[in-house]
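An overview of the molecular structure
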Amino acid sequence: MDAQQKGTILTLLKTDEINKTYRMRYWFSYKDYLNPEDSFTDFADANIDGKQEYIDLIENLLRLDAAARVYVEVYGFEEIDGEPFIYAETLIIMSRLPLDDIKRVFNEPDDIFPSDIGEQTDLSQPFFLIGSHGELISGADLVREDEFVYYCWWD
């Protein structure tokens with residue numbers, strides 16, 4: 001993940017915490033977030049070692065729908081020994097595939113299947129993609145009429 005992305009998300013999350021607002025949702029491209037060499041990100045308790053399994057699942061999905069877009073929704077941050085990291089448990093998937101196909105792909109493994117998969121029908125809460133150089137892109141600009149928006153959540 002780019003240093004500017006890290007700075008942007010930490011600033012946003014800290015501001016939300018100070019203001020106790022928690023109304024915004026923040027997304028990253030799965031490629032930026034699930035980088036197996038980046039300890040700044042933690043996905044479903046898989047800081048570094050377990051990230052490749054999630055990447056493999058996403059790549060299986062992309063073989064079925066090459067036009068699909070996959071994001072990670074960030075929930076918060078913590079610091080350990082003064083080093084911050086951000087964490088998440090949810091993938092956001094924009095795809096033309098029906099929900100049953102999405103479920104089939106993500107429920108295939110026996111060891112990392114999600115707790116819940118469904119269609120995200122309420123997109124009224126503001127959300128932003130944090131771009132590759134830390135820029136904020138409105139989520140409203142990401143949603144296409146010919147796609148479904150799904151969530152895939154691990155607990």
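A brief structural summary. (Residues numbered from 1 in each chain as written. Predicted model: local features only at pLDDT ≥ 70, side-chain atom pairs only at ≥ 80, totals over all residues. Heavy atoms only, no water.)

All right, on to the overall build of the protein then. If you tally the helices and strands in the protein, you get 4 helices and 8 strands. Ordered by position from the N terminus, the helices and strands of the protein form the series α-β-α-β-α-β-β-α-β-β-β-β. Taking 155 residues into account, the globule formula puts the C-alpha radius of gyration at 15 Å, and the protein, at 15 Å, falls close to it. Dimensions of the protein, computed from C-alpha atoms along their principal axes, come out at roughly 40 × 35 × 25 Å. Residue burial in the protein is summarised as follows: out of 155 residues, 45% are buried. Within the protein, residue pairs in contact and separated by at least 24 positions form 68% of the contacts whose partners lie at least 6 positions apart. For the protein, the accessible surface area stands at approximately 8300 Å², while carbon and sulfur atoms represent 47% of it. Across the protein, the 13 positively charged side chains and the 33 negatively charged ones have centroids separated by 5 Å. (Helix = DSSP H or I, 4+ residues; strand = E, 2+ residues; numbered from the N terminus. Rg over C-alpha atoms; globule rule 2.2 N^0.38 Å. Buried < 20%, exposed > 50% of the residue type's maximum accessible area, 1.4 Å probe, protein only. Contact = heavy atoms within 4.5 Å. Areas by Shrake-Rupley, 256 points an atom, 1.4 Å probe, with all protein chains shown as cover. Lys, Arg positive; Asp, Glu negative; His and termini not counted. Charge placed at Lys NZ, Arg CZ, Asp CG, Glu CD.)

Moving on, we come to the packing of aromatic side chains. Here the structure, examined in full by the defined rule, presents 9 aromatic pairs. Arranged with centres 4.4 Å apart and planes meeting at 25 degrees, the rings of Trp-27 and Phe-127 form a pair that is stacked. Of the two residues, Trp-27 is situated in strand β1 (residues 25–29) and Phe-127 in strand β6 (residues 127–130); the sequence distance between them amounts to 100 residues. Residue class for Trp-27 comes out buried when judged on its relative accessible area of 0%. Using a relative accessible area of 6% as the deciding quantity, one classes Phe-127 as buried. (Phe/Tyr/Trp six-rings, centres within 6.5 Å; stacked < 30°, edge-to-face > 60°.)

Examined bridge by bridge, strand β2 (residues 41–43) and strand β4 (residues 83–95) share 3 bridges and lie parallel to one another. Note on β4: the bridge partner recorded for Asp-42 is Tyr-87. Note: strand β3 (residues 69–80) against β4, 11 bridges, orientation antiparallel. Looking at the pairing, Glu-78 lines up with Phe-85 of β4. (Pairing = 2+ DSSP bridges.)

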